[in-house]
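Observations on the model geometry
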Amino acid sequence: MVQYELPRLPYDYDELEPYIDTETMTIHHKKHHQSYVDGLNKSLEEVGSASHPQYITSILSDLQLIPESGRRKINFFGGGFENHRLFWETMTPDGEGSPGGKLEDAIDVYYNSFKNFKQIFSDTATSIQGSGWCWLVFNSTYNKIEIISTENQTSPWTLQKMPLLGLDVWEHAYYLKHQNRRPDYINDWWNVVNWDYVENRFSELSG
Ligand code: MN
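Along each chain, numbering runs from 1 in the same order as the chain's sequence is written. Totals for whole chains, interfaces and linings use all residues, but because this is a predicted model, local features are given only for residues with pLDDT of at least 70 and pairs of side-chain atoms are given and counted only at 80 or more. Water and hydrogen atoms were dropped before computing side-chain values, which therefore reflect all heavy atoms in the structure.

**Regarding unusual backbone geometry**
Glycine aside, a negative phi is what most residues show, and trans is what most peptide bonds show. A cis geometry characterises the amide bond from Glu 17 onward to Pro 18, with omega recorded as 0°. Helix and strand assignments follow DSSP, with helices taken as H or I runs no shorter than four residues and strands as E runs no shorter than two, numbered in order from the N terminus. Summarising the element assignment, Pro 18 is placed in the segment before helix 1 (22-46). The phi torsion at Asn 112 lies on the positive side, around 70°, for a residue other than glycine. Tracing the chain through its elements places Asn 112 in the loop between helix 4 (101-111) and helix 5 (114-126). Throughout, exposure labels follow a simple rule: accessible area from a 1.4 Å probe, protein chains only, divided by the maximum for the residue type, with under 20% read as buried, over 50% as exposed, and the rest as partly exposed. On the accessibility criterion, Asn 112 (64% relative accessible area) is exposed. Backbone geometry places Gln 179, a non-glycine residue, at a positive phi of 45°. Among the structural elements, Gln 179 can be located in the loop between helix 6 (175-178) and helix 7 (182-189). Residue classification places Gln 179 among the partly exposed residues on the basis of a relative accessible area of 29%.

**Description of the packing of aromatic side chains**
Classification of ring pairs rests on two measures: the distance between centres of Phe, Tyr or Trp rings, Trp counted by its six-membered ring, which must be within 6.5 Å, and the angle between planes, read as stacked under 30 degrees, edge-to-face over 60 and tilted in between. Tallying each qualifying case throughout the model produces 19 aromatic pairs. Note on Phe 76 and Phe 77: the rings are 5.1 Å apart at their centroids and 85° apart in plane angle, and the pair reads as edge-to-face. Here the aromatic rings of Phe 87 and Trp 133 are separated by 5.5 Å at their centres, their planes lie at 90°, and the arrangement is edge-to-face. Placement of the pair is Phe 87 in helix 3 (residues 68-89) and Trp 133 in strand 1 (residues 132-139), with a sequence separation of 46 residues. The exposure classification of Phe 87 matches that of Trp 133, with both residues buried. Grouped by ring-pair contacts, the aromatic residues Tyr 111, Phe 114, Phe 117, Phe 121, Trp 189, Trp 190 and Trp 195 constitute a single cluster.

**Digging into the sheet that holds strand 3 (residues 162-168)**
What the three strands build is an open sheet, ordered 2-1-3; its pairing is antiparallel. On the outer flanks of this sheet lie strand 2 (144-151) and strand 3, each paired with one strand and no other. When strand polarity is set aside, the average angle formed by the axes of neighbouring strands in this sheet is 20°. Examined bridge by bridge, strand 1 and strand 3 share six bridges and lie antiparallel to one another. What sits directly across from Leu 136, in strand 3, is Leu 165. Whether two residues are in contact is decided by their heavy atoms: any pair within 4.5 Å suffices. Axis angles are defined between N-to-C directions and span 0 to 180 degrees, where every axis is a line fitted to C-alpha atoms and, for a helix, only to the segment in contact. Strands strand 1 and strand 2 of the sheet are contacted by helix 4, whose axis makes an angle of about 80° with strand 2. Packing of helix 5 onto the sheet brings it into contact with strand 1, strand 2 and strand 3, and relative to strand 1 it is tilted by some 140°. One requirement defines pairing of two strands: DSSP has to find at least two bridges between them.

**Examining the domain arrangement of the protein**
An automatic or database domain assignment supplies the start and end points of every domain. You can read the domains of the protein as domain 1 (22-89) and domain 2 (101-206). Centre-to-centre separation of domain 1 and domain 2, based on C-alpha positions: 20 Å. Contacts between the two partners involve 20 residues from domain 1, matched on the other side by 26 residues from domain 2. As used here, buried area is the combined drop in accessible area, with a 1.4 Å probe, of two parts when they are placed together. For the pair domain 1 and domain 2, the summed buried surface comes to about 1,800 Å²; carbon and sulfur atoms form 60% of the total. Contact with domain 2 buries surface across domain 1, with Asn 83, Leu 86 and Phe 87 losing the most and accounting together for 32% of the total. A pairing counts as a salt bridge when a side-chain nitrogen of Lys or Arg comes within 4 Å of a carboxyl oxygen of Asp or Glu. Between the two partners, domain 1 and domain 2, sit zero salt bridges. If you list the elements that add at least two residues to the side of domain 1 that touches domain 2, you get helix 1, helix 2 (56-61) and helix 3. In terms of residue count, helix 3 provides more of the side of domain 1 that touches domain 2 than any other element does, 10 residues in total. In this count, Pro and Cys sit with the nonpolar residues alongside Ala, Val, Leu, Ile, Met, Phe, Trp and Tyr, while Asp, Glu, Lys and Arg are called charged and the others, Gly among them, polar. Partitioned by chemical class, the residues of the side of domain 1 that touches domain 2 number seven nonpolar, 10 polar and three charged.

**Observations regarding the pattern of salt bridges**
Within this structure, the stated rule accounts for five salt bridges. Close ionic contact of Arg 85 with Glu 82 constitutes a salt bridge, the shortest N to O distance being 2.9 Å. Taken together, the positions of Arg 85 and Glu 82, both in helix 3 and three residues apart, correspond to about one turn of that helix. The class for Arg 85 is buried, based on a relative accessible area of 18%. Arg 181 is the salt-bridge partner of Asp 184, the closest N and O atoms lying 3.0 Å from each other. Exposure remark for Asp 184: the relative accessible area of 34% places this residue in the partly exposed category.

Set out below in structure tokens:
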């Protein structure tokens, strides 16, 4: 059966300083993300994962195929695994501040300007109640980009939307440095977004 493993970070724990602090990165990756990896492996084993050999994004896209007894757990741990995997990839110590190419064009079409896009994304992330994620997704049904939020570890894949960029707003993602000031964390995070990665992902997924 497929055994998921904790993915390596594309940078060191201290490299996103001063925006995301070393201690938060270390605990978030080594402890929190590891717990989603372990939970996913265990949940897949419980439902007999031999019959579900696809990668987790395919499983999340069609959770109805999973026995009902395991669906909630796989939604949570599978989402947790994949959401964090993408989260690490979409950050970089060399953030350039804004996207280019085809993604920039799409942002201009749907949000008028990058500045306006950032404002709407930040407002959406700030207003999430409790734990969850804020996303820029590609909606392939309507061939457009959208800003959405999901609760807990629910992945956009379960909504048939492809995540391009996700922001973790669980308190474990920022509390050590920013305490209750989620808007400050969001402002800091914009400095480390890897727009090259997000643009490439958009190009790949949108064909
Ligand atoms: Mn997290």
